[in-house]
Amino acid sequence: MGLRIKTPDQVNDQYVGWPSYDQDLERWAYVGPRTVADKFLPYLPTDGCTLADVGCGTGLSFQYYPGSSITGFDFCEAQLRRAERKVDTVVAVGTSVTLQIADVVNLSADTSDFDAAISVSVSEHVEDLCQMVSEMSRIVQRDGYFAITAPETQLDGCIRRDPEEVAEVISSLGLQIVEQFAYISHFQYADPDQPATYNCFIVRNTKAA
Ligand SMILES: C[S@@+](CC[C@H](N)C(=O)[O-])C[C@H]1O[C@@H](n2cnc3c(N)ncnc32)[C@H](O)[C@@H]1O
């Protein structure tokens, strides 16, 4: 596959044909959802909040936001069906989950519907990063926070982005980056010589209403 970027249809097909996503990602030592949650939780109300998981996939982030009301958005129905299996398991930690088919550049949610939003390991599939960030800021309340990641490593079929490029897109929308950090998300194909480095941006929704 190399440097050729997958089209949205190809991305959808990739995930439809990947029923072993959770098992493979565990083998690849995938820590994206937990790493983002560890840094992002201090920005959230301690008594739970409404949280949009943008590109939720199989729902690997759900377990890290106890007491929250999560809406998981993804355009791949097969991934949402896999996520459905986790809905009951997080009830025990006081978390409720609703799942919705939606494209991250056109989210099926009202303006200011959520206290906060996350998007982990998704932007590498999205050509129009500006529209994706704009949608995340639209659905989050003013002065609420959202976290978005982008890979600095070139991954097969994905879009690589320098942190400066992502920061520029966020700032151009009038939003404030309150924290930025790099992390190793996983080891591609479980190969220790192929670490995938990502940057995460925690953003305060300072956009004018
Ligand atoms: C690598 S998975 C990450 C899933 C989850 N956030 C995680 O950390 O495990 C990428 C997910 O983004 C979804 N996705 C990619 N492009 C999308 C788009 N334009 N709109 C909605 N979902 C998209 C895919 O279907 C897939 O489930």
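Draft legend 1. Spotlight on the pairing of strand β2 (residues 69–74). Most of β2 sits out of view: five of its six residues are buried. Sheet topology note: the strand β1 (residues 50–54)/β2 ladder contains five bridges and is parallel. Residue pairing in the sheet places Thr 50 in a bridge with Ser 69 of β2. One ladder, built from six bridges, connects β2 with strand β3 (residues 96–101); its direction is parallel. By the bridge assignment, Ile 70 is partnered in β3 with Val 97. A crossover connection joins β2 to the parallel β3 through helix α4 (residues 77–91); in handedness this β-α-β unit is right-handed.

Draft legend 2. Molecular detail of the sheet that holds strand β4 (residues 114–119). Taken in spatial order, the seven strands make up an open sheet running β3-β2-β1-β4-β5-β7-β6, and their pairing is mixed. Sheet topology places β3 and β6 (176–187) at the edges, where each strand pairs with a single neighbour. Neighbour-to-neighbour, the strand axes of the sheet open up by a mean angle of 15°, direction not taken into account. Against the sheet, α4 contacts β2 and β3, and its axis sits at roughly 170° relative to β3. Contacts from helix α5 (residues 129–139) reach β1, β4 and β5 (140–151) within the one sheet, and its direction differs from that of β5 by about 150°.

About the criteria used
Residues numbered from 1 in each chain as written. Predicted model: local features only at pLDDT ≥ 70, side-chain atom pairs only at ≥ 80, totals over all residues. Buried ≥ 20, exposed ≤ 12 C-beta atoms within 10 Å, placed from the backbone. Helix = DSSP H or I, 4+ residues; strand = E, 2+ residues; numbered from the N terminus. Pairing = 2+ DSSP bridges. Right-handed = clockwise from strand over helix to strand, strands pointing away. Axes fitted to C-alpha atoms, helices over the stretch in contact; angles between N-to-C directions. Contact = placed C-beta atoms within 7 Å.

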